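Given next are the chains, with one letter for each unit.
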Amino acid sequence: AKVCVKNLSAIDAAKHMWGVENAKVSSDTPADSDLFGESLYIRQKPSCPSGGTYTMNTIGEHASCNVSDHEL
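These figures come from a predicted structure and were not determined experimentally.

Basis of the calculations
- Residues numbered from 1 in each chain as written.
- Predicted model: local features only at pLDDT ≥ 70, side-chain atom pairs only at ≥ 80, totals over all residues.
- Heavy atoms only, no water.
- Core = buried A, V, L, I, M, F, W, Y, C linked by side-chain atoms within 4.5 Å.
- Buried < 20%, exposed > 50% of the residue type's maximum accessible area, 1.4 Å probe, protein only.
- Helix = DSSP H or I, 4+ residues; strand = E, 2+ residues; numbered from the N terminus.
- Contact = heavy atoms within 4.5 Å.
- Expected span 1.5 Å × (residues − 1).
- Arc of directions from axis to C-beta.
- Salt bridge = Lys/Arg side-chain N within 4 Å of Asp/Glu carboxyl O.

As for the nonpolar core
Of all hydrophobic cores here, the largest spans 14 residues; its most connected members are Cys4, Leu8, Ile11, Leu35, Phe36, Tyr54 and Cys65. Of all the elements, helix H1 (residues 2-21) adds the most residues to this core, at five residues. Excluding its chain neighbours within four sequence positions, the residues that come into contact with leucine 8 are Tyr54, Ala63, Ser64, Cys65, His70, Glu71 and Leu72.

A few points about H1
Between its first and last C-alpha atoms H1 spans 29 Å; for 20 residues at 1.5 Å apiece the expected length is 28 Å, and the two agree. Taken as a whole, H1 has its buried residues at Cys4, Asn7, Leu8, Ile11, Asp12, Ala14, Lys15, Trp18 and Gly19. Taken end-on, H1 shows its buried residues confined to a sector of 165°, consistent with a single buried face. Of the residues in H1, the exposed ones pointing more than 90 degrees away from the buried face are Lys2, Lys6, Val20 and Glu21. Turning to H1, the residues buried within the fold contact helix H2 (32-35), strand E1 (54-55) and strand E2 (64-65). After H1 finishes, the residue alanine 23 shows a positive phi value of roughly 50°.

Brief notes about the pattern of salt bridges
Counted according to the given criterion, the structure contains three salt bridges. For lysine 15, the salt bridge identified is with aspartate 12, shortest N-O distance 3.4 Å. On the criterion of helical spacing, the pair formed by lysine 15 and aspartate 12 is a turn pair, its members being three residues apart in helix H1. Of the residues examined, aspartate 12 reaches a relative accessible area of 6% and is grouped as buried.

None of this, on its own, says anything about what the molecule does.
Shown next as structure tokens:
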């Protein structure tokens, strides 16, 4: 759970940086291609070590994992 929460925190930080740099608002949702890649905010999209699925959500909401105890 700790690794997953760290991943979610990193995704949230990347979402916020993307939002600031691209004049987005809290209701905007980035695509994976906006955040993950060699020259982007996170080199490779993280994955939940328990096999959960991440949902990006809007800038104003935390990223989430579908594993019940993996949340920010």
